[in-house]
Amino acid sequence: MENNKKIILSGIQPTGVFTLGNYLGAVRSWKQMQEDYNCYYFIADLHSMTIHIDPQKRRQQTREAFALLLACGIDPEKSLVFVQSHNKCHAEMGWIMDCCSQFGELSRMTQFKDKSSKHPDNINAGLFTYPALMAGDILLYQADYVPVGADQTQHLEFTRDVATRFNHTYGEVFKLPEGYFPKAGARVMSLQDPTSKMSKSDTNPKATISILDDEKTILKKFKSAVTDSEACVRFDPEAKPGVSNLMTIYSAITGKTMEEITAEFAGRGYGDFKTAVGECVAEALRPVREKYEELMQERTYLEEQMRRGAEIADKISRRTLTKTKKKIGLLLEK
Ligand code: AQP
């Protein structure tokens, strides 16, 4: 990747099969960005440790997530794709970032507050220092841009603050990353509670569309999506969160504007609208599902790509890690 292209870095946790939200909000744009940037994508298995997952399941989900990225069109010949824990630099840099982070600033992170209220029985220290590990992930690769959803802007600001502080205290090491807002990105909400985002770890299967769901399942889930009693397809996220969410999905896939969608379904019931949304989603996800099934038969190929990804990731990030350690005054091993 010796060229002048800017670096984009992003990760996704292996906490379940990707949802339509992960796809429309993130991974679909990752595919498009491969042409214009040097893209580094990783499966954030260390981050996934902040919630409890059965070990066997975590292993399986990590393999699946890696295959899903490739199935979604991330090409290991164009982009760097790897599993976070396979590159030891992340854990090492994570500790360094922990020691550069203040308790007060970590306490203000809204994601910590949200996630600790969701898992009150497991408010672990990792959940609290999650943004420090994430700062390390980004800074290790001297990333220019990080694609961020609205829920991640606080973490990016934190990364910039820590990097600025480090550069000021020890001398210039880190590039300050900027947020990247993909044009075609969409925030997808739960089909059963359209005021909260669609999440892969949601325990209610009717609330999420998995990108591996078949057409019949997808149509059924959209049919039972929560709407309202007005029977009018118009975009109003405050008053009509359910219908607005379905419109967002339909628009993200077909490219139609909200006005065009309202006109298309004027005088027709929600039944027709839900079927149309379900059909376009099923059609968009079909090639991903087919590619995924093919890839899961090729275990050796997947393992080889993981190994190669880890090797390149180590090579790129070790330069920054070594420089960081020198600046801090850690004695380097000879
Ligand atoms: N509902 C969503 N709409 C749009 N974008 C979304 N993303 C997640 N959910 C939506 C984006 O997907 C990328 C990867 O997310 P992640 O796995 O690192 O963590 P997350 O945001 O916590 O995703 P989930 O699905 O909600 O996972 P769990 O259930 O494990 O917490 C990110 O770019 C994210 O913005």
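Residues numbered from 1 in each chain as written. Predicted model: local features only at pLDDT ≥ 70, side-chain atom pairs only at ≥ 80, totals over all residues. Heavy atoms only, no water.

(A) Expanded view of the side chain of Asn245. Secondary-structure assignment places Asn245 in helix α10 (residues 241-254). What makes Asn245 buried here is its relative accessible area of 4%. Beyond its immediate chain neighbours, meaning those up to four positions away, Asn245 contacts Arg187, Val188, Met189, Ser190 and Leu191. (Helix = DSSP H or I, 4+ residues; strand = E, 2+ residues; numbered from the N terminus. Buried < 20%, exposed > 50% of the residue type's maximum accessible area, 1.4 Å probe, protein only. Contact = heavy atoms within 4.5 Å.)

(B) Examining the pattern of salt bridges more closely. One pass over the structure, following the stated rule, counts 19 salt bridges. For Asp228, the salt bridge is made with Lys240, and the minimal N-O distance between the two is 3.1 Å. Linking Asp228 in the loop between α9 (215-223) and α10 with Lys240 in the loop between α9 and α10, this pair joins segments that are 12 residues apart in sequence. Taking the shortest distance from any N to any O, the salt bridge between Glu294 and Lys291 comes out at 3.5 Å. With Glu294 and Lys291 both in helix α12 (residues 270-295) and 3 residues apart, the pair spans about one turn of that helix. (Salt bridge = Lys/Arg side-chain N within 4 Å of Asp/Glu carboxyl O.)

(C) Quick peek at the state of the cysteines. Taken as a whole and assessed by the stated rule, the structure comprises 0 disulfides. No disulfide involves Cys72; its nearest neighbouring cysteine sulfur is the one of Cys39, lying 14 Å away. Judged by relative accessible area, which is 4%, Cys72 ranks as buried. (Disulfide = S-S within 2.5 Å.)

(D) Region of the structure containing a nonpolar patch on the surface. Among the surface-exposed residues, Tyr170, Ile328 and Leu330 lie close enough to one another that they form a single nonpolar patch of about 240 Å² accessible area. Secondary-structure assignment places Tyr170 in helix α8 (residues 153-170). Residue class for Tyr170 comes out partly exposed when judged on its relative accessible area of 36%. (Patch = residues over 30% accessible without salt bridge, like charges linked within 9 Å, V, L, I, M, F, W, Y side chains within 5 Å. Areas by Shrake-Rupley, 256 points an atom, 1.4 Å probe, with all protein chains shown as cover.)

(E) View of the pairing of strand β1 (residues 7-12). Within β1, 5 of the 6 residues are buried, which leaves the element mostly enclosed by the surrounding structure. Judged from the 6 bridges that link them, β1 and strand β2 (residues 38-43) form a sheet pairing that is parallel. By the bridge assignment for β2, Ser10 is matched with Tyr41. (Pairing = 2+ DSSP bridges.)

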